[in-house]
Amino acid sequence: FDVPGPTRATVPAYPKLGATAAKARPPFPPDVALNPSSAEVYGFLDSLIGEMARLFPGPYLHIGGDEVSDSVWADNADIKAWMQREKLTSKQDIEGYFARRVIAMVQAAGKTPIGWEEIAAAGIPKDGNLLVELDASDQQSRVAGARARQLAAEGKVATSRASLRGLNVQLR
């Protein structure tokens, strides 16, 4: 389960939930993501998370939290207007807003959320009830990973084993 980015199956099936980049990157179709400004998205996710929590008895639910192309949200007039209303100024602000809402849904369903390091860099709740997976293979991931390591050092999140350029590192 990976939101808001890798949603190439979800957005075509539920077009009202998505945002699409204005331009494609040939040979690929335009990038898509869930629309963080849509109340309908959060209703859909709450229902889906509740169903998944019942289907999978384990204590964790991985929500992803990565891979939103910069242009998907930047190209959407509704999202731009929503950003102004919510006083959000960057993609990272949007990711943080989205992550906090989805994390709350996962926790309300009785699960511990897991997400990629981008959610740690996006200002996620610091209550210790989140597992962050690190993949510091590019600059953005290294910055996000540094934030995740900082939160782990403060005892506010737990991080999984990560591969940092071939080195296996166990973080709390």
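As the structure is a prediction and not an experimental result, all values here were calculated from the model.

1. Comments concerning the overall build of the chain
So, step 1. Counting its secondary structure elements, the chain contains seven helices and eight strands.
So, step 2. In the chain, which comprises 172 residues, the share counted as buried stands at 44%.
So, step 3. Intrachain contacts of the chain at a sequence separation of at least 6 include 58% that bridge at least 24 residues.
So, step 4. For the chain, the exposed surface amounts to about 9,000 Å²; the carbon and sulfur share of it is 54%.

2. A word on the environment of Glu67
So, step 1. Looking at the element boundaries, Glu67 is found in the loop between β3 (60–64) and α3 (70–74).
So, step 2. Glu67 sits 61 residues away from Pro6 along the chain, and the two C-alpha atoms are 6.4 Å apart.
So, step 3. Setting aside residues no more than four positions away along its own chain, Glu67 makes contact with Gly5 and Pro6.

3. So, the confidence of the model for the chain
So, step 1. For the chain, the average pLDDT comes to 81, and 72% of its residues sit at 70 or higher.
So, step 2. Mean pLDDT in the chain bottoms out at strand β8 (residues 167–169), which sits at 35, and peaks at helix α2 (residues 39–55), which reaches 97.
So, step 3. Counting contacts from residues 162–172, a segment whose pLDDT is below 50, to residues more than four positions away or on other chains yields 27 contacts.

4. Section: the pairing of strand β4 (residues 112–116)
So, step 1. Of all the five residues making up β4, four are buried; the element is thus mostly covered by neighbouring parts of the structure.
So, step 2. Pairing between β3 and β4: four bridges, direction parallel. Each residue of the ladder has a partner; that of Leu61, found in β4, is Pro113.

5. What to know about the packing of α2 against helix α5 (residues 91–108)
So, step 1. At a closest axis distance of 9 Å, the pairing of α2 and α5 adopts a crossing angle of 35°. Taken as a pair, α2 and α5 cross one another with a handedness that is right-handed. Taken together, the residues of α5 that come into contact with α2 (itself represented by Val41, Tyr42, Leu45, Asp46 and Ile49) are Tyr97, Phe98, Arg101, Val102, Met105 and Val106.
So, step 2. Of the residues contributing to the contact of α2 with α5, the split by class is nine nonpolar, no polar and two charged.

6. A closer look at the nonpolar core
So, step 1. Judged by nonpolar contacts, the single largest core of 34 residues is most densely connected at Leu34, Leu45, Trp73, Phe98 and Val102.
So, step 2. Taken together, the elements giving at least two residues each to this core come down to β2 (32–34), α2, β3, α3, α4 (77–86), α5 and α6 (118–121).
So, step 3. Setting aside chain neighbours within four positions, we find Phe98 in contact with Val3, Pro4, Leu34, Pro36, Val41, Tyr42 and Leu45.

Rules of the game
- Residues numbered from 1 in each chain as written.
- Predicted model: local features only at pLDDT ≥ 70, side-chain atom pairs only at ≥ 80, totals over all residues.
- Heavy atoms only, no water.
- Helix = DSSP H or I, 4+ residues; strand = E, 2+ residues; numbered from the N terminus.
- Buried < 20%, exposed > 50% of the residue type's maximum accessible area, 1.4 Å probe, protein only.
- Contact = heavy atoms within 4.5 Å.
- Areas by Shrake-Rupley, 256 points an atom, 1.4 Å probe, with all protein chains shown as cover.
- pLDDT = per-residue confidence, 0-100.
- Pairing = 2+ DSSP bridges.
- Axes fitted to C-alpha atoms, helices over the stretch in contact; angles between N-to-C directions.
- Left-handed = near helix turned anticlockwise from the far one by under 90°.
- Nonpolar A, V, L, I, M, F, W, Y, C, P; charged D, E, K, R; others polar.
- Core = buried A, V, L, I, M, F, W, Y, C linked by side-chain atoms within 4.5 Å.

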